[in-house]
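Spelled out from the first residue to the last, the chains are:
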Amino acid sequence: MSDIAITHLDQGARGEYHARVEGNEAIGRLTYERKGDVVVADHTLVPTEIGGRGVAAELVKALVADARKFGFKIVPQCTYVEAAFRRHPEWADLRA
């Protein structure tokens, strides 16, 4: 399995988590909109050339880790993020 590096671009009201897979230029993205102490996760996009490696899951894990660290709640508007919340009932306390 390739190494996945996650970076966070916080642009105030909007932001993105980016995932890069070692040896590939494609970027996976999880985008969100911030509304006070709530983050609405609206899209997850993983290009096919880096798909099937757990990239989307790592993006959601980074969002969840930041929610725990910084004390915000998440609205899983994106279908992938919603499915991840269903697979991880231990995240229920983070749902807005």
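Moving on to the nonpolar core. Counting residues in each nonpolar core, the largest one holds 24 residues, and the members touching the most others are Tyr-17, Leu-30, Val-60, Leu-63, Phe-72, Ile-74 and Val-81. Looking at this core, the elements that each hand over two or more residues are strand E2 (14-21), strand E3 (27-35), strand E4 (38-45), helix H1 (55-70) and helix H2 (79-87). If one sorts the elements of this core by residue count, H1 sits on top with 7 residues. Setting aside anything within four residues of it in sequence, one finds Val-81 in contact with Leu-30, Ala-41, Thr-44, Val-60 and Pro-76.

Now for H1. For H1, which comprises 16 residues, the first-to-last C-alpha distance of 23 Å matches the rise-based estimate of 22 Å (1.5 Å per residue) to within 8%. Among the residues of H1, those classed as buried are Val-55, Ala-56, Leu-59, Val-60, Ala-62, Leu-63, Val-64, Asp-66 and Ala-67. Buried residues along H1 sit against strand E1 (4-10), E2, E3, E4, strand E5 (73-76) and H2. A positive backbone phi angle near 75 degrees is found at Gly-71, which sits one or two residues after H1.

Before going further, it helps to spend a moment on the packing of aromatic side chains. Under the criterion given, the structure shown has 2 aromatic pairs. Ring geometry for Phe-85 and Trp-91: centres 5.6 Å apart, planes at 70 degrees, overall edge-to-face. A relative accessible area of 8% means that Trp-91 is categorised as buried. We note Arg-34 situated over the ring of Phe-72; from NZ or CZ to the ring centre the distance is 5.5 Å. Positioned over the ring face of Tyr-80 is Arg-87, at 5.4 Å from the centre of the ring.

With that out of the way, let us pick up the side chain of Asp-42. Note on placement: Asp-42 falls in strand E4. A polar atom in the side chain of Asp-42 sits 2.9 Å from the side chain of Arg-14. Leave out the neighbours within four places in its chain, and Asp-42 touches Arg-14, Thr-31, Tyr-32, Glu-33, Gln-77 and Cys-78.

Below, the discussion takes up the sheet that holds E1. Taken in spatial order, the 5 strands make up an open sheet running E1-E2-E3-E4-E5, and their pairing is mixed. The open sheet is flanked by E1 and E5, the only strands paired with a single partner. Here the average twist between neighbouring strands, direction ignored, is 25 degrees. With 7 bridges connecting them, E3 and E4 associate as antiparallel partners. Bridged to Tyr-32 within E4 is Ala-41. In the packing of H1 onto the sheet, contacts are made with E1, E2, E3, E4 and E5, and the angle to E2 comes to roughly 135 degrees. Each of E3, E4 and E5 touches H2; the most contacted strand, E5, lies at about 115 degrees to it.

Calculation notes
- Residues numbered from 1 in each chain as written.
- Predicted model: local features only at pLDDT ≥ 70, side-chain atom pairs only at ≥ 80, totals over all residues.
- Heavy atoms only, no water.
- Core = buried A, V, L, I, M, F, W, Y, C linked by side-chain atoms within 4.5 Å.
- Buried < 20%, exposed > 50% of the residue type's maximum accessible area, 1.4 Å probe, protein only.
- Helix = DSSP H or I, 4+ residues; strand = E, 2+ residues; numbered from the N terminus.
- Contact = heavy atoms within 4.5 Å.
- Expected span 1.5 Å × (residues − 1).
- Phe/Tyr/Trp six-rings, centres within 6.5 Å; stacked < 30°, edge-to-face > 60°.
- Lys NZ or Arg CZ within 6 Å of the ring centre and 35° of its normal.
- Polar contact = N/O pair within 3.5 Å; in protein donor to acceptor, adjacent residues only side chain to side chain.
- Pairing = 2+ DSSP bridges.
- Axes fitted to C-alpha atoms, helices over the stretch in contact; angles between N-to-C directions.

Read these as spatial facts, not as claims about activity.
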